[in-house]
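Single-letter residue listing:
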Amino acid sequence: MRLDDLPGRPGRLLGLLIPLLLLLWWQLSAGGGGSVLPPPWRVLQVLLHPGRDLLSSGSILWSVSVSISRIVLGFLCAVAVGVPVGLAMGGSRFYRRLLSVIVEMARPLSAIALLPLSIIIFKGDSLADLLGLRSLRYGRHILNELGLGMIFILFWGGVFPVILGTMQGVRSVRRIHLEVARVLGASRLHRFLHVMVPSALPDIFHGLRLGIGRCWMVIIAAEMLPGTNSGIGYLLRYSYQLSRYDVMLACVVVIAVIGAFFSKGLEALGERSLLLRSRER
Amino acid sequence: MSGGEALRLEGVEKAYRTRTGQVRALGPVDLELSRGRFLCVLGPTGCGKTTLLRLIAGLEEPDAGRIEVLGGPPEVTRRIGYVFQQAALFPWLTVSDNVQFPLRARGVGSTERSRRAAEMIGLVGLEGFESSYPHELSGGMQQRTALARALVVDPELLLLDEPFGSLDLRTGQELQERLRDIWRKRGSTLVFVTHRIEEAVYLASDLVVLGHRPGRVVRSQGVDLPPERDRLSDEFTELLVSLRMTFEELVMEEGPEG
């Protein structure tokens, strides 16, 4: 039997072979006393108790919820702004001309580079402050951890892929579909909602996927910077400073898993909409 | 719905700008059609047939001349139906939803929508495929769906741009028969553009032959063949041959590449 022809299940499990070998190698090499890294089972132990307070700075679960809340908030802002802007830019030459220069100039500016500026602009305020919940100020409450500066850079990181994806989607709408809709008596609004948007959906989802991936990278980097004291990125840096490499590696695993989860989740959603646009023959 | 004028064109001209200059696509063309007729516009490829339809539909404006459609200026009105050369179905909608699209655009309620869609789907012979998506259909079935979609709002004037041009002969002939039946039952006015002489002779109550660039009317006549047409009858063949000769003269005139 040729290697290409491995039947269904073992064939699909083939992808796990290399990770397992790496894990084995790690286990073997970490056994000796001279190794810097803790063996995998120590990392696993940290992961198996995600609710346990670590290094007096909160549990993994807490850190993850802080990071995810930040992302969700920032990304929602990016979608709320990016999709309408993308639709406008894709649908009208006026808006494309008005906005493309600023988008093209702003896009390459790294979100991380904007963190200090945006903290200054938002005066270090958190969502709790914005909502007028000053009483929460001194407790450990999640609203306290949602710094507006942080949310802003997540918005920045996510918004451009969303804009460009949406614009691309609108621009790739087939002319004949718009024309057919017109001769079938559809108004401008009807054409927009029932022809433009469904045609653009797969590209919009592609933009969303890129956007949330960017957000996830931005948040980890931002949390690792000094001045932050919560989130999974923070826990990663802090455990490194305390040489608690088991916690540090556990953070890395968590970050990888959540990143993959975001991307796969949106991909699955997008797949459904892609299915709807399966090519005409 | 017979009586009255469906279509009147006077000295209509249209040119397109291309990179190398202007190309006269059409005209001047004069044309008249009463309501309830089935007009076939016959002409070789590139004679401006599609342009003519687009002008009538109001998708484009003429450079000169006057067009009157259903007693008014041509505009994209809801009284006109249009079937394109490609089916151009919305791939994200099922057959039934595609057919319901124009009804939805007119704000027709959902029960009424599905009732009328089901009726049209039956009329074009697509029962059982209501919930299929366009990519699951053959070319002929896609074109049936497009026909149902255009007919579902019962347009007073239906424009068809070589709708069966890409289909195989058998499917094309079956759809021709269906279209004739629908026309006879509904009494609406049809303008059918094609380059296939046989198709035109089979369908038309009125015939117009367009010549090459710029497209102009070189022959215009009524077709007095019986409603049930026999493709093998002498009269049918006679008209076919005579039209073919007109076509050949056109080609001679224009040279091999027109």
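This text follows the structure it describes.
Nothing here was measured: the structure is a model prediction, and the numbers come from that model.

Draft legend 1. Highlighting the packing of helix 4 (residues 60-91) of chain A against helix 12 (residues 232-241) of chain A. All names here are of chain A. Look at helix 4 against helix 12: their axes get within 7 Å of each other, and the N-to-C directions meet at 135°. By the angle between their axes, helix 4 is oblique relative to helix 12. On helix 12, the residues that touch S63, V64 and S67 of helix 4 are I232, G233, Y234 and L235.

Draft legend 2. Geometry of the interface of chain B and chain A. Facing 22 residues of chain B, the contacting portion of chain A comprises 19 residues. Contributing elements (two or more residues each) for the side of chain B that touches chain A: strand 5 (80-83) and helix 2 (95-105) of chain B. Its residues placed into classes, the side of chain B that touches chain A shows 17 nonpolar, two polar and three charged.

Draft legend 3. Inspection of the environment of G211(A) at higher detail. Residues and elements named next belong to chain A. With respect to the helices and strands, the residue G211 is situated in helix 11 (residues 188-224). C-alpha separation for the pair G211 and F75, spaced 136 residues apart in sequence, amounts to 7.7 Å. Setting aside its immediate chain neighbours within four residues, G211 contacts F75, A78, G158, P161 and V162.

Draft legend 4. Quick peek at the sheet that holds strand 2 (residues 21-34) of chain B. Residue and element names in this part refer to chain B. Spatial strand order, 2-1-4: three strands in an open sheet with antiparallel pairing. Each edge of the open sheet is held by one strand with a lone partner, namely strand 2 and strand 4 (64-69). For this sheet, the mean inter-axis angle between neighbouring strands, taken without regard to orientation, is 25°. As paired elements, strand 1 (residues 5-18) and strand 4 share five bridges and run antiparallel to each other. Counterpart to E10 in the pairing with strand 4 is R66.

Draft legend 5. Here's a closer look at the nonpolar core. Core analysis: the biggest nonpolar cluster contains 133 residues, and L154(A), L39(B), I56(B) and L159(B) have the highest contact counts within it. Viewed by domain, this core spans two of them, domain 1 (5-79 + 157-254) and domain 2 (90-154) of chain B, each represented by three or more residues. When near neighbours in sequence (up to four residues on either side) are disregarded, I56(B) contacts L7(B), I67(B), V69(B), P74(B), L159(B) and V191(B).

What counts, and where the lines are drawn
Residues numbered from 1 in each chain as written. Chains lettered and ligands numbered in written order. Predicted model: local features only at pLDDT ≥ 70, side-chain atom pairs only at ≥ 80, totals over all residues. Axes fitted to C-alpha atoms, helices over the stretch in contact; angles between N-to-C directions. Helix = DSSP H or I, 4+ residues; strand = E, 2+ residues; numbered from the N terminus. Parallel < 35°, antiparallel > 145°, perpendicular 65-115°, else oblique. Contact = placed C-beta atoms within 7 Å. Nonpolar A, V, L, I, M, F, W, Y, C, P; charged D, E, K, R; others polar. Pairing = 2+ DSSP bridges. Core = buried A, V, L, I, M, F, W, Y, C linked by C-beta atoms within 7 Å. Buried ≥ 20, exposed ≤ 12 C-beta atoms within 10 Å, placed from the backbone. Domains from an automatic or database assignment.

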